[in-house]
Amino acid sequence: MPDQNELLTLLNRFTKREHSLDEVYLFDLILCDNEIDRDGDCFSAAALEQLRDRFVGVTGIFDHNPRCGNQTARIFRTELCSDPGRKTKTGQVYRFLRANAYMVRTESNADLIREIDAGIKKEVSISCAVGKQICSVCGANKLRKPCSHIKGRIYSGTRCYHTLDDITDVYEWSFVAVPAQKAAGVTKTCGGACDPEKEAMQSALDAAGQLLDRLTEELRRDVVRLCYRGGENACAKALADSTVHMDADALLALRDSLRVGLAAANAPAQLMPGQAGQKPPVQAFRLAPAHRSEVPYAKS
Ligand SMILES: [Zn+2]
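Residues numbered from 1 in each chain as written. Predicted model: local features only at pLDDT ≥ 70, side-chain atom pairs only at ≥ 80, totals over all residues.

Engineer: Please explain the overall build of the protein chain as it appears in this structure.
Structural biologist: When you go through the protein chain residue by residue, the secondary structure sums to six helices and nine strands. Looking at the protein chain as a whole, 25% of its 300 residues are labelled buried. (Helix = DSSP H or I, 4+ residues; strand = E, 2+ residues; numbered from the N terminus. Buried ≥ 20, exposed ≤ 12 C-beta atoms within 10 Å, placed from the backbone.)

Engineer: Sorry, what's going on with helix H2 (residues 45–54) here?
Structural biologist: Because an α-helix packs 3.6 residues into every turn, residues spaced three or four apart end up facing the same way. All of the buried residues in H2 are Ala-47, Leu-48 and Leu-51. Within H2, the buried residues cover an arc of 100° as seen down the axis, which keeps them to one side. Looking at the buried residues of H2, the elements they touch are strand S1 (24–33), strand S2 (41–43), strand S4 (72–87), strand S5 (93–104), strand S6 (124–135) and strand S9 (162–175). (Arc of directions from axis to C-beta. Contact = placed C-beta atoms within 7 Å.)

Engineer: Honestly, the environment of Gly-91 in this entry has me stumped. Any pointers?
Structural biologist: Turning to its location among the elements, Gly-91 is positioned in the loop between S4 and S5. Owing to 6 C-beta atoms within 10 Å, Gly-91 belongs among the exposed residues under this scheme. It is 9.7 Å that separates the C-alpha atoms of Gly-91 and Glu-35, two residues lying 56 residues apart in sequence.

Engineer: Even after reading the chapter, I still don't get the nonpolar core, so can you show me in this structure?
Structural biologist: The tendency in soluble globular proteins is for nonpolar side chains to be buried as a group. Core analysis: the biggest nonpolar cluster contains 35 residues, and Leu-31, Leu-51, Phe-55, Leu-97, Ala-99, Ala-101 and Cys-128 have the highest contact counts within it. Only S1, S2, H2, S4, S5, helix H3 (110–117), S6 and S9 provide two or more residues apiece to this core. Here the element with the most residues in this core is S5; it accounts for six residues. (Core = buried A, V, L, I, M, F, W, Y, C linked by C-beta atoms within 7 Å.)

Engineer: So what exactly am I meant to see when it comes to the pairing of S4 here?
Structural biologist: Consecutive residues of a regular strand have side chains that alternate between opposite faces of the sheet. In terms of strand pairing, strand S3 (residues 59–61) meets S4 through three bridges, oriented antiparallel. Pairing of Thr-59 across the sheet is with Arg-74, part of S4. Connecting the antiparallel pair S4 and S5 is a turn made up of five residues, with Gly-91 showing a positive phi of about 90°. (Pairing = 2+ DSSP bridges.)

Engineer: In this structure, what is going on with the environment of Leu-254? I would like to understand it.
Structural biologist: Summarising the element assignment, Leu-254 is placed in helix H6 (residues 248–271). Considering only alpha carbons, one finds Leu-254 and Arg-220, 34 residues apart in sequence, at a separation of 9.8 Å.

Engineer: I tried to follow unusual backbone geometry on my own but got confused; where do I start?
Structural biologist: For residues that are not glycine, phi is negative in most cases, and the peptide bond is trans in most cases. Phi is positive for Ser-156, close to 50°, though the residue is something other than glycine. Mapped onto the secondary structure, Ser-156 falls in the loop between strand S7 (154–155) and strand S8 (158–159). Residue class for Ser-156 comes out exposed when judged on the 5 C-beta atoms lying within 10 Å of it. Notably, Asp-166 is not glycine yet its phi reads approximately 60°, a positive angle. The residue Asp-166 is located in strand S9 in this model.

Engineer: Could you clarify how one ought to interpret the confidence of the model for the protein chain in this entry?
Structural biologist: Close inspection of predicted coordinates is inappropriate in any region flagged by low pLDDT. Looking at the protein chain, the pLDDT average stands at 79 and 77% of residues meet or exceed 70. The weakest mean pLDDT in the protein chain belongs to helix H4 (residues 196–227) at 80; the strongest belongs to H2 at 96. Taken together, the stretch residues 185–194 has pLDDT below 50 and engages in 29 contacts with residues farther than four places along the chain or on a different chain. The low-confidence segment residues 279–300 (pLDDT under 50) makes 20 contacts with residues lying over four places distant or belonging to another chain. (pLDDT = per-residue confidence, 0-100.)

So this is what it looks like as structure tokens:
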């Protein structure tokens, strides 16, 4: 790491006028690393290098402390470091992104500087956008093609986590109380109007919802048929009509009980000789017109 004077030279490239060491407060922080964080995500080696390049010049905020108002600090140097003696959960050499930041000393940030010096505000969160979120189990990019694997669960001996790759933007960094990454504190937000992860999740949810609607409608028709299996009467009609208000769970339960009832009703007939191959009356299978496809369940 460069000494204080070398750091001052570096930071003065980001200021409108030259500052002296007395005027600025210099501190360093760990922005992120390659360990799996609390959210079950980790950065790829390439992503760490991209973050190293992109975070130079980025402003940090201290908005979690009302006393600090809108005070900001700025990163003027970054470096990727590694700890050969330490391995991540995935068996890689531990690597982390260290940053040097500065604040211009003022009366209003004196308390904040004391807190940083005391180690109170040492945890950092970063916001960035990623283009890839790779599932450790199947290799799918969850932002493009969501898979069924859930972070933290184990599939055939492989724990599911997401590797964040292809950094497309960095937004800010800030001091936070509880960071996502244990060592440094990282939250990954995709920011802006478009959040690819949320969009992918939403479209997967929509597709699953549409499939459930179709299956529920099929089930409802089956149940209506079963209701009339014993013949058309007021009781069968009332039961068939009531399926309009049933969800998939209720329909499954009703279908099962109708099947049990029909099986019991048909059992003696099967024991009677000469009737095994006899077809039931046609009427028993006729569906009343009111219960055909016009049943209003199609979702727009
Ligand atoms: Zn997967």
